Amino acid sequence: MSRYYFICNPASKSGHGIEIWKQVETYLKKNKIDYDVMFSKEIGHITKLVYKLTSAHTNSSEPVNVIILGGDGSLDEALQGIASFKKTNLGYIPTGSGNDFARAFAYSDDPIESLKNILSVSEAKIVDLGKLEYFNTTADRAIPAIKEIPSTHYFDVSCGIGFDAAICAEILHSRAKEFLNKIGLGKLVYVLVALKLIFSDRQPDISLTLDDDEELKLKKLRFVVGMNTCYEGGGFKFAPSAVPDDGFLDICAVNNISALHALSIIPKATKGKHIKSKKVHLYHVKNFEVKSDTPMWVHTDGEVFTKSSHIRVSVEPAKLRLLM
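Reading guide: rules and limits
- Residues numbered from 1 in each chain as written.
- Predicted model: local features only at pLDDT ≥ 70, side-chain atom pairs only at ≥ 80, totals over all residues.
- Heavy atoms only, no water.
- Core = buried A, V, L, I, M, F, W, Y, C linked by side-chain atoms within 4.5 Å.
- Buried < 20%, exposed > 50% of the residue type's maximum accessible area, 1.4 Å probe, protein only.
- Helix = DSSP H or I, 4+ residues; strand = E, 2+ residues; numbered from the N terminus.
- Contact = heavy atoms within 4.5 Å.
- Expected span 1.5 Å × (residues − 1).
- Arc of directions from axis to C-beta.
- Axes fitted to C-alpha atoms, helices over the stretch in contact; angles between N-to-C directions.
- Parallel < 35°, antiparallel > 145°, perpendicular 65-115°, else oblique.
- Left-handed = near helix turned anticlockwise from the far one by under 90°.
- Nonpolar A, V, L, I, M, F, W, Y, C, P; charged D, E, K, R; others polar.

*Asks:* So what's going on with the nonpolar core? Which residues, and what values?
*Replies:* Core analysis: the biggest nonpolar cluster contains 28 residues, and Phe163, Ile167, Phe223, Cys252 and Trp297 have the highest contact counts within it. Among the elements that make up this core, the one with the highest residue count is helix H7 (residues 163-171) (7 residues). When neighbours within four sequence positions are excluded, Phe163 is seen to be in contact with Ala194, Leu197, Ile198, Asp201, Arg222, Phe223 and Ile266. In terms of nonpolar packing, the next biggest core, distinct from the first, is built from 26 residues, Tyr134, Ile143, Leu249 and Phe288 among them.

*Asks:* Go over helix H2 (residues 17-30), please, and point to the residues and values.
*Replies:* Here H2 contains 14 residues, and its C-alpha end-to-end distance of 20 Å stays within 8% of the 20 Å for a straight helix at 1.5 Å per residue. Inspection of H2 places Gly17, Ile20, Trp21, Val24 and Leu28 among the buried residues, and these make up the whole buried set. Buried residues of H2 fall within an arc of 100° about the axis and therefore sit on the same side. Those residues of H2 that are exposed and angled more than 90 degrees off the buried face are Lys22, Thr26, Lys29 and Lys30. Once H2 finishes, Lys32 follows within two positions and takes phi at roughly 55°, a positive value.

*Asks:* Please set out the packing of helix H3 (residues 45-55) against helix H4 (residues 72-81) residue by residue, giving values where relevant.
*Replies:* Between H3 and H4, the shortest axis-to-axis distance is 7 Å and the interhelical angle comes to 40°. The angle between H3 and H4 places the two elements in the oblique class. Regarding H3 and H4, the two cross each other, and that crossing is right-handed. Across the interface between the two elements, His45, Ile46, Thr47, Val50, Tyr51 and Thr54 from H3 touch Ser74, Glu77, Ala78, Gln80 and Gly81 from H4. Split into classes, the residues belonging to the contact of H3 with H4 amount to 4 nonpolar, 6 polar and 1 charged.

The structure is reproduced here in structure tokens:
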């Protein structure tokens, strides 16, 4: 019988993560499933737990089954800790507020249904991952407690630089987010921050290089995002054609656009209809590079650590083994 190792973020779902875990645990005990559970205590703890667990199984004959109970950020942390992707099966029970990864893969809102799907898998689904490389960072830290920024970072949903990352950075320090999440209006804080930044955010000129070949000069950049799946930002379909197992990333770049024009097309992105605007540029690539004279916030799966003026983003084909 397979053994399953659960890592639960009790703070997910505005503190209701532990309650969801109790539902999952009841099912596991009732059905006599062999399992262990660990609970994260702070930012970065999931990465440490996953590394300790997976590094102990790198020489095992079978992959270790690691199940994350949390949001997109918890899943992102887990990716950074995997010691051997070939020897790790990753399961996911979404309990976050954005849940873009779950949205892309049509996960159930019912944690027990997600659990049943994990337990019934006979063969893991193989999907791509994205990889961010920083070539230049600043002393700016979205999370002051993180003193050292790794030079590379995996992502399963998206990686962006500019406006979308600036929103994520500002929300980290928003006192309103937790309150609004508790009353079911968590997305409102994103709207409020976006409205503020759309009129005040800096728009530098950048160089965008596609597949180590074509170099584009983009004036007054709003943002560039590389998508492994089609959604980010809690349901914005920035790359309608993106799929996570084709060996490519889909880029959505927006530049040289007024605040009012941006306000008119952003709501359309929930349906993927923003792509009709001439200010929106889509590319299908294996890698891309962004250079700017002005450092900008960078995010991976909505998680922001630092600003950078030079990043490289690439796809890692068939990298992740999913229990789904």
